[in-house]
Amino acid sequence: KVAEMYVAGREDLDFPWLKQAQAESKKEQEKITLAEPKQAADFLLEIGTEEIPPGDMNAYLAQLKEQMPAMLDELHLEHGEVEVMGTPRRLVVLVKDLVPRQPDREEVHKGPPAERAYDADGVPTKAAEGFARGKGVSVDDLQVQEIDGGKYVVAVVAETGRSAVEVLSARLPQFVADLKVERGMRWNSSNVSFSRPIRWLLAMFGEHLVPFEYAGLASDKSTRGLRLGKHESVEVKDPAAYFKTMQEEGIILDVTERKESILAQVKILAAEVGGEVPDDPSLLDEVTFLVEAPTALRG
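Residues numbered from 1 in each chain as written. Predicted model: local features only at pLDDT ≥ 70, side-chain atom pairs only at ≥ 80, totals over all residues. Heavy atoms only, no water.

**Student:** Explain the overall build of the protein here, please?
**Tutor:** What the protein contains, in helices and strands, is nine helices and twelve strands. Radius of gyration (C-alpha) of the protein: 26 Å, far over the 19 Å computed for a compact globule of 299 residues. Its C-alpha atoms give the protein principal-axis dimensions of about 95 × 40 × 40 Å. Looking at the protein as a whole, 40% of its 299 residues are labelled buried. When contacts within the protein are restricted to residue pairs at least 6 apart in sequence, long-range pairs at least 24 apart make up 67% of them. Taken as a whole, the protein presents about 16,900 Å² of accessible surface, with 50% of it coming from carbon and sulfur. (Helix = DSSP H or I, 4+ residues; strand = E, 2+ residues; numbered from the N terminus. Rg over C-alpha atoms; globule rule 2.2 N^0.38 Å. Buried < 20%, exposed > 50% of the residue type's maximum accessible area, 1.4 Å probe, protein only. Contact = heavy atoms within 4.5 Å. Areas by Shrake-Rupley, 256 points an atom, 1.4 Å probe, with all protein chains shown as cover.)

In structure tokens form, the structure reads like this:
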């Protein structure tokens, strides 16, 4: 009852906070003109960091596998396979065949009970008028539907789909913020918390940048190679070029592939000195998150 009284009060005031939020959102959108693909393309997100401990890396990978598809569903963006990868210095998500825009759709918004929205003569009350204005529709367009055993007025609002670049730009800062571990670090004036300091952000949809800011950093179309390698920073044309760069650097992003490579090399080294490699899955898991380029082990 308290909740219903509160909503009724806001309706009578014509939802002032909602109108303010809509105005601010529109103002921000008008500032940005974003390039976007004209057809489905791959979306790539890389969060570059200082070396993340193995336990935290496992936690982040598990969260990314769950939260990326959930976010895309929330944004009404259809897509293909979602791949999650990671090394000590980078968390990587590849979304195959992401659509360039949201679909146009109709959203049904529940309003006040019908008995409070209309008087005895069927004339709309202030509650109905306020609800209609808040949803941007005419009071004459309100409908009465039975919901959960009661009759309520509803507003059917047509929503035009927005571009994937636009909605991702707005949503990605919160997406990264939602990645949590038991103990995080704060390292700059942004005061955000992460397992280890974030040093770069890459976000691309096809060949186009997906601009967003987090932890005092702006996303870019560049990545970094090995810490002691030839290329501190590498420009990236598109997701395919990114994976080619990783291959050239000897960086194996896939956790399982990197683990198998490490184990194979350790067995070779052990055989060369007449030794054996005991079965120790936990140790192998830990070593897998300590190196980015296992082909360098033998060197």
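Right, picking up where we left off after that structure.
**Student:** Can you walk me through the packing of helix α3 (residues 54-74) against helix α6 (residues 164-177) in this structure?
**Tutor:** Packed helices, taken two at a time, are described by their axes: the angle between them and the distance between them. Two numbers describe how α3 lies on α6: the axes approach to 12 Å, and their chain directions differ by 150 degrees. Looking at the two axes, α3 sits roughly antiparallel to α6. As α3 packs across α6, the resulting crossing turns out to be right-handed. Each of Leu64, Gln67, Met68, Met71, Leu72 and Glu74 in α3 lies in contact with α6, whose residues at this interface are Leu168, Arg171, Leu172 and Phe175. In the contact of α3 with α6, the residues fall into seven nonpolar, one polar and two charged. (Axes fitted to C-alpha atoms, helices over the stretch in contact; angles between N-to-C directions. Parallel < 35°, antiparallel > 145°, perpendicular 65-115°, else oblique. Left-handed = near helix turned anticlockwise from the far one by under 90°. Nonpolar A, V, L, I, M, F, W, Y, C, P; charged D, E, K, R; others polar.)

**Student:** Sorry, what's going on with the sheet that holds strand β2 (residues 82-87) here?
**Tutor:** Across the sheet, which stays open at both edges, the five strands sit in the order β2-β3-β1-β7-β8 with antiparallel pairing between neighbours. Only two strands of the sheet have a single partner each, and these edge strands are β2 and β8 (208-209). Looking at chain direction, strand β1 (residues 41-49) and strand β7 (residues 198-205) are connected through seven bridges and run antiparallel. By the bridge assignment for β7, Glu46 is matched with Leu202. Docked against the sheet, α3 engages β1, β2 and β3 (90-98), running at close to 25 degrees with respect to β3. Contacting β1, β3, β7 and β8, α6 runs over the sheet at an angle of about 30 degrees to β1. (Pairing = 2+ DSSP bridges.)

Distances and angles like these do not, on their own, reveal function.
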